[in-house]
Amino acid sequence: DVGFGGPGTYLPVPFELDREDEQSHGTFRITQDNVHQYLMQKKTDDGWFNIYDFNLDTVYPADLAMSNFFTSTFPESHFRHNLIAAKHLPNGRITLLNKTLTTVVDKKTLIQEIINHNDLLMVMKDTFGIRLENEFNFTKLF
C-alpha cells in the first residue's frame, strides 16, 4: 500500500516473505504472523517496526467505498482535522501536515515550518500543483 503515508513505503514491496526491500527512506519487509496473517514492517535501529497487518481476503468495491466514506466523514477522523498532502518523488516524498512541510530524499529529511497563509498557498500551488480559489482560507492554522 504505497498510499499508506507516514512511515509507509514509497514503492510497492514484492510479496516475498522476509525479503528486505530497501527504499529511499528505509528498509521494508512482509512477514507472516500467527495473529494477523501478514505484517508490513519497517527496519529501525531497534529491530522491525510493525506498520500494518493484512490478510488475503477478497476486498469488494463496496468495502473500499465504505472505508473511504468513513475516513472522510467520521467526526474523529484524522483527515477531517488536518490539512494533509503528499507527493511521491523518484527517490523520496514530500508531505504536508498542517503547516509542516517534510521532504525526504535519499534518506535525508528536511523539515520546514510554513509561517503564514500566503506561504501555505504558495506551497500548495508550487509543490503539490493545487491551485486554490480565494474562498479557501487557512489563516486559523497560524
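What counts as what
- Residues numbered from 1 in each chain as written.
- Predicted model: local features only at pLDDT ≥ 70, side-chain atom pairs only at ≥ 80, totals over all residues.
- Heavy atoms only, no water.
- Helix = DSSP H or I, 4+ residues; strand = E, 2+ residues; numbered from the N terminus.
- Contact = heavy atoms within 4.5 Å.
- Pairing = 2+ DSSP bridges.
- Axes fitted to C-alpha atoms, helices over the stretch in contact; angles between N-to-C directions.
- Buried < 20%, exposed > 50% of the residue type's maximum accessible area, 1.4 Å probe, protein only.
- Phe/Tyr/Trp six-rings, centres within 6.5 Å; stacked < 30°, edge-to-face > 60°.

Just checking my understanding: could you explain the environment of Thr-27 for this structure?
By the secondary structure assignment, Thr-27 is in strand E2 (residues 26-33). When the C-alpha atoms of Thr-27 and Trp-48 are compared, they prove to be 9.5 Å apart, with 21 residues separating the residues in sequence. Setting aside anything within four residues of it in sequence, one finds Thr-27 in contact with Glu-20, Asp-21, Glu-22, Gln-41, Lys-42, Lys-43 and Trp-48.

What is the right way to read the sheet that holds strand E4 (residues 47-54) from this model?
Within a sheet, neighbouring strands are paired by backbone hydrogen bonds and run either parallel or antiparallel to one another. Pairing within the open sheet is antiparallel, and its four strands lie in the order E1-E2-E3-E4. Among the strands making up the open sheet, the edge pair consists of strand E1 (21-23) and E4. Looking at each pair of strands side by side, their axes are set apart by 30° on average, direction ignored. Looking at chain direction, strand E3 (residues 37-44) and E4 are connected through seven bridges and run antiparallel. Across the sheet, residue Lys-42 finds its bridge partner in E4, namely Phe-49.

Quick question: what am I supposed to make of the pairing of strand E8 (residues 108-113) here?
The side chains of a regular strand alternate, residue by residue, between the two faces of the sheet. In terms of burial, E8 is a largely surface element, zero of the six residues being buried. Sheet topology places strand E7 (residues 100-105) next to E8; six bridges connect them, and they run antiparallel. Along E8, the bridge assignment pairs Thr-102 with Ile-111. The turn joining E7 and E8, which pair antiparallel and follow one another in sequence, is formed by two residues; a positive phi near 50° is taken by Asp-106.

Can you walk me through the packing of aromatic side chains in this structure?
Any pair of aromatic rings gets described here by the distance separating the centres and the angle formed by the planes. Across all of its chains, the model carries five aromatic pairs by this definition. Centroid distance Tyr-52 to Phe-54: 6.3 Å. Interplanar angle 55°. Geometry classified as tilted. For the pair Tyr-52 and Phe-54, a shared accessibility class is recorded, and that class is buried. Arranged with centres 4.7 Å apart and planes meeting at 20°, the rings of Phe-70 and Phe-74 form a pair that is stacked.

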